[in-house]
Amino acid sequence: MLLGRSSEGNDALNLNGTVRNEVDSGVEHGEILLRYSDAAVGRTPDLRAARDALDIAMGPDAVVDCAATIANFQRMVRIADGCGIPLDPFSREESAKWRDGLGIDDFRSRGNTFDEN
């Protein structure tokens, strides 16, 4: 829901860029942000270089903000996966249009969520 809501009203943003690296998301510095987030989540050897590139492009405050955002999303996903939290009817309906298009229901972690029918 956060992802969909945060992009509402901005037609220049392309949510497909959040799940497909080859797609331009329309976010300023999107390529650098994606490189950093992929490295941080994937714990790749590129993390230090990606963090340095982010710092050069956006500054040290952006590095801290990005690290905190990544950590927060990781926390929320782990809690949801561990509990099997289902989407409430409103969230299921509101997110259906972009959840399907992004293939989110096909993510492996989707199997951890209870189905509410």
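See the structure shown above.
Counting restarts for each chain: residues are numbered from 1 in the order of the written sequence. For this predicted model, a pLDDT threshold of at least 70 governs which residues receive local features, and a threshold of 80 or more governs which side-chain atom pairs are given and counted, while totals over whole chains, interfaces and linings are taken from all residues. Neither water nor hydrogens contribute to the side-chain values; these are computed over all heavy atoms in the structure.

### Thoughts on the overall build of the chain
Argument step 1. The helix and strand inventory of the chain stands at five helices and zero strands.
Argument step 2. Mapped in sequence order, the helices and strands of the chain form the string α-α-α-α-α.
Argument step 3. Under the scheme applied here, a residue whose accessible area is under 20% of the maximum for its type counts as buried, over 50% as exposed, and between as partly exposed, the area being computed with a 1.4 Å probe on protein chains only. Sorting the 117 residues of the chain into buried and exposed places 20% on the buried side.
Argument step 4. Partitioning the contacts of the chain with sequence separation of at least 6, the portion at a separation of at least 24 is 47%. To qualify as a helix, a DSSP run of H or I must reach at least 4 residues; to qualify as a strand, a run of E must reach at least 2; elements of each kind are numbered from the N terminus. It only takes one pair of heavy atoms within 4.5 Å for two residues to be counted as in contact.

### Regarding the pattern of salt bridges
Argument step 1. One side-chain nitrogen of Lys or Arg within 4 Å of one carboxyl oxygen of Asp or Glu is enough to make a salt bridge. A complete count under the given rule lists one salt bridge for this structure.
Argument step 2. Here arginine 35 makes a salt bridge to aspartate 46, at a shortest N to O gap of 2.8 Å. Of this pair, arginine 35 sits in helix H2 (residues 30–42) while aspartate 46 sits in the loop between H2 and helix H3 (47–58), and the two are 11 residues apart along the sequence.
Argument step 3. Judged by its relative accessible area of 28%, aspartate 46 falls in the partly exposed class.

### Observations regarding unusual backbone geometry
Argument step 1. In the Ramachandran plot, histidine 29 falls in the positive-phi region, its phi being about 65° despite a non-glycine side chain.
Argument step 2. Mapped onto the elements of the fold, histidine 29 is located in the loop between helix H1 (2–7) and H2.
Argument step 3. Given the relative accessible area of 29%, histidine 29 is considered partly exposed.

### Let's talk about the nonpolar core
Argument step 1. By nonpolar core we mean a set of buried residues, namely Ala, Val, Leu, Ile, Met, Phe, Trp, Tyr and Cys, connected to one another through side-chain atoms within 4.5 Å. Of all hydrophobic cores here, the largest spans seven residues; its members are Tyr36, Ala39, Ala50, Leu54, Val63, Cys66 and Ile70.
Argument step 2. Elements represented by at least two residues in this core include exactly H2, H3 and helix H4 (60–83).
Argument step 3. By residue number, the principal contributor to this core is H4, which donates three residues.
Argument step 4. Once you skip the residues sitting within four places of it in the chain, isoleucine 70 turns out to touch Tyr36, Ser37, Ala40 and Val41.

### Describing H2
Argument step 1. To estimate how far a helix should reach, multiply one less than its number of residues by 1.5 Å. Along its 13 residues, H2 runs 17 Å from first to last C-alpha, staying within 8% of the 18 Å computed at 1.5 Å per residue.
Argument step 2. When H2 is considered as a whole, its buried residues turn out to be Gly30, Leu34, Tyr36 and Ala39.
Argument step 3. Tucked into the core, H2 has its buried residues touching H3 and H4.

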